[in-house]
Amino acid sequence: LSGISGKAELEEEEEADAVVAESSRKVLTEVLGKERRDRVLGALYLVRQDAVAAVRMASIHIWKALVSNTPRTVREILPTLINQVVDLLSMPHGDQRETAARTIGELCRKFGEKIIGDMLPILQKGSKSSDPRIREGVCLAVSEIVSNSSEAQREEHEDEIIVVVRRSLVDSSSNVRAAAAIAFDILQDVMGARAIDETIPTLLEALRQPGEGSGTALQALKEVMNVRASTVFPVLIPTLIATPMTAFNARALASLVTVAGNALSKRLTVILTALVRAVENETDMELKADIEGAVSALLGSISDLEGLQTLMLLLAGWVKNDSWTRRVSALNFFKTFCEVSIIDFSLYRPDWVRSLVTLMDDRQAEVVEAAVPAFEAFVKSIEKDDLDSIVVTLRRTIESTGAPGRTVPGFNIKGSVSSMVPVIVAGLTTGNNEQREQAAYAIGDLVERTEEIALKPYVVPFTGPLIRVATQATAFPPGVKVAILKSLGTMLEHIPTHVKPFFPQLSRTFVKSCSDSSSLAVRNAAAKSLGALTKSNQTRIDALVTELIGTAQASEDDAIAASLVLALAYVVRHAITTTSASSKEACISMLESAFRERHDEPYLHGMATLFTSFEPSPELLQGVVRSHILQGTPPSVLSSLIILHAVEDAPKLFYTMNCVPSVLRKIVESIGESVPAISRPAREAKELIRTTPPFCDDDSVLAIFGT
């Protein structure tokens, strides 16, 4: 068409002969028409910026052959070229977008200050197009113009640029708004505060107006926040948290905080304080629900350590606030945080265990009721494998909560103990030795502080693991075993009815533990718990007594035999009315034989305890007393220990047997013995008598002791 040979080669900066080029231009215009010619030349100018070098070189060669005056030609085809650029910028393909962007950059660099003034009217017209793709491309073109132009080039056109960006920010199309946000970000870089001052107030004003426009403005702000949260968010906050808070502002805040990123952390205290006041003072339930939605969105958007620390410190202060309303709000906020947040706050878990469990004993019922669901949400937010990490803190907090003789109100509310169960069971079954020990103690502490009816559903989940761990006697240190045995004993004392299905297993566990060779503390705890079991379970007493006597007599270890005798004493004390005569006689016979045999002192202490356990049946003790306890009988360690234990544990026993004067003279005789093991218990008994009724009220005692 142009008559130019494709074989002719021109240097890149060289242009064709003016006469030849003008002739070619006229031919193209005549054959194609001006509009098609402009599109061809525009496309040719665009591919001069193609990513492929061969394409660039070929297009430059053809352009130079056709065009004698590039600036004039570009200005002639500029409307068409800009429309082509806009079209390419809205394409999904990266190569086409890059080609269009490089074209804008070349136009800004090579054609002076006037070119921007020529391009902007075209773009302004395109920003009003009905086609959202064109509007999107216009925003991206503006971004490229701002990025590639100098301050001198932009100076006279900044207002026009801002108008295009501002209009596009409130566009109905999300793609256009996103492109406008990119343009705004670049504007803010080059224009600074003016970009915000000229744009954001307009969006805020639209946000305040009812109707569809406010929703679009909100979406625009959200797009802007995506690219420039650190500078835009602080400007928005005063409007969003203004009092009285409106439903729209609450929803707007809920939407914007999700894209605030790290900018949220620095304003967290201000926003949360405003929200907590709004929640506490609002009476409209629908508006309150919107505000709580904003709280949820805000807490779920905290994603950095700075924001987490700010939140934790703020809530930690609120849960200790003098106002019970603020304590309730803090608990509700923390509950929401646990439900919506995915950030790791394991560092703060021990503090929250202490706070939440302590607040279950708060003086205000509303606080107690809020603390329980907060603790539920807290436990659910912890991975199952990490539950044992808080069991030590949980136990120590339970132990220090409440007062003797009363239950903790929060423990009686549904959900509190059930939330503690997985933590305690995890500590008991999978934790280290300290965690197992504290978990076991935690069960006993809970039993002492919880109403029976509230504890009933959790007896099986607690008792089963306790027994399983207790039966693994060789696997754990004495501290763990003692804790388990004591907690089982506490359950037998406080809720025996609910533990009844486990009586056979408990009996075997306790008897076996009475023979534990690793620790005296384990054996003593087992003996005491066996007594508590006997108090609730009066069946098979004779068989149990026979087993204990036989095992004690057969034991080669005097320490283990002593513990078995102590267990026997506890059993007899609690079940003497149901123990058969033959079993009682076997016990008395064992007691009498102890006077004739040589044993260590712990064994003799056990025998002395067995003696006092027969207090309800003093007639059975007559023979032992006549032979070993009265004045003139042979001195022995056991007789001194029996008198000491009787004064301490059964002070009325000797009065019932009408032998007090003779027993007192026996004390005087034993004090005079040269064997310390005999004289020492006697002296202790004498001192104890001075303060123990009925001895201390008896004048004959003073007469015998001489003081």
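These remarks concern the structure in this document. Because the structure is predicted, anything quoted here is derived from the model rather than measured.

**Let's talk about the overall build of the protein chain**
Here comes step 1: Per the secondary structure count, the protein chain includes 38 helices and zero strands.
Here comes step 2: The C-alpha radius of gyration computed for the protein chain amounts to 46 Å, which surpasses the reference 27 Å derived for 707 residues by more than 25%, pointing to a less compact arrangement than a globule.
Here comes step 3: With respect to the principal axes defined by its C-alpha atoms, the protein chain has extents near 150 × 55 × 45 Å.
Here comes step 4: Within the protein chain, the proportion of its 707 residues that are buried is 52%.
Here comes step 5: Excluding contacts between residues fewer than 6 apart, the proportion of contacts in the protein chain whose partners are at least 24 apart in sequence is 73%.
Here comes step 6: Looking at the protein chain as shown, the accessible area adds up to about 31500 Å², and 52% of this sits on carbon and sulfur atoms.
Here comes step 7: Taken together, the 72 basic and 87 acidic charged side chains of the protein chain have centroids lying 2 Å from each other.

**What about the pattern of salt bridges?**
A side chain with one charge may pair with a side chain of the opposite charge, provided their charged atoms come close.
Here comes step 1: By the definition in use, this model includes 27 salt bridges.
Here comes step 2: The partner of D171 in a salt bridge is R135, with the nearest N and O atoms 2.6 Å apart. Taken together, the residues span a long stretch of sequence, with D171 in the loop between α9 (158-169) and α10 (174-191) and R135 in helix α7 (residues 132-148) at a distance of 36 residues.
Here comes step 3: One salt-bridge network, in which partners are shared between bridges, spans K34, R37, D38, R72 and E76.

**Some details on the packing of helix α13 (residues 247-256) against helix α15 (residues 285-300)**
Here comes step 1: Their axes nearest at 8 Å, the elements α13 and α15 cross at an angle of 15 degrees. For the element pair α13 / α15, the angle class is roughly parallel. In the crossing of α13 with α15, the sense of the turn from one axis to the other is left-handed. Side by side, α13 and α15 meet where A247, A250, R251, L253 and A254 of the first sit next to L287, D290, I291, G293, A294 and A297 of the second.
Here comes step 2: Partitioning the contact of α13 with α15 into residue classes produces eight nonpolar, one polar and two charged.

**Quick word on the environment of E156**
Here comes step 1: Checked against the element boundaries, E156 lands in the loop between α8 (151-154) and α9.
Here comes step 2: E156 gets classed as exposed once you look at its relative accessible area, which sits at 68%.
Here comes step 3: Sequence separation of E156 and G117 is 39 residues, and the distance between their C-alpha atoms is 8.4 Å.

**Examining the packing of aromatic side chains**
Here comes step 1: For the coordinates displayed, the defined rule picks out 10 aromatic pairs.
Here comes step 2: Measuring from ring centre to ring centre gives 6.1 Å for F375 and F378, while their planes differ by 50 degrees; the resulting arrangement is tilted. Of the two residues, F375 and F378 are both situated in helix α19 (residues 365-380); the distance of three residues between them amounts to about one turn of the helix. The two residues F375 and F378 agree in class, both being buried.
Here comes step 3: Pairing Y655 with F695 gives two aromatic rings, centres 5.3 Å apart and planes at 55 degrees, and the pair type is tilted. Pair noted here: Y655 is in helix α35 (residues 653-656) and F695 is in the loop between α37 (676-689) and α38 (699-705), with a separation of 40 residues, a long-range link.
Here comes step 4: Judged by its relative accessible area of 26%, Y655 falls in the partly exposed class.
Here comes step 5: Taking relative accessible area as the criterion, F695 reaches 3% and is therefore assigned buried.
Here comes step 6: Three or more aromatic residues joined by ring pairs form one cluster here, namely F334, F337, F345, W352, F375 and F378.
Here comes step 7: Cation over ring: R326 sits above W318, and NZ or CZ is 5.2 Å from the ring centre.

Analysis parameters
Residues numbered from 1 in each chain as written. Predicted model: local features only at pLDDT ≥ 70, side-chain atom pairs only at ≥ 80, totals over all residues. Heavy atoms only, no water. Helix = DSSP H or I, 4+ residues; strand = E, 2+ residues; numbered from the N terminus. Rg over C-alpha atoms; globule rule 2.2 N^0.38 Å. Buried < 20%, exposed > 50% of the residue type's maximum accessible area, 1.4 Å probe, protein only. Contact = heavy atoms within 4.5 Å. Areas by Shrake-Rupley, 256 points an atom, 1.4 Å probe, with all protein chains shown as cover. Lys, Arg positive; Asp, Glu negative; His and termini not counted. Charge placed at Lys NZ, Arg CZ, Asp CG, Glu CD. Salt bridge = Lys/Arg side-chain N within 4 Å of Asp/Glu carboxyl O. Axes fitted to C-alpha atoms, helices over the stretch in contact; angles between N-to-C directions. Parallel < 35°, antiparallel > 145°, perpendicular 65-115°, else oblique. Left-handed = near helix turned anticlockwise from the far one by under 90°. Nonpolar A, V, L, I, M, F, W, Y, C, P; charged D, E, K, R; others polar. Phe/Tyr/Trp six-rings, centres within 6.5 Å; stacked < 30°, edge-to-face > 60°. Lys NZ or Arg CZ within 6 Å of the ring centre and 35° of its normal.

None of the figures reported here should be taken as evidence of function without further support.
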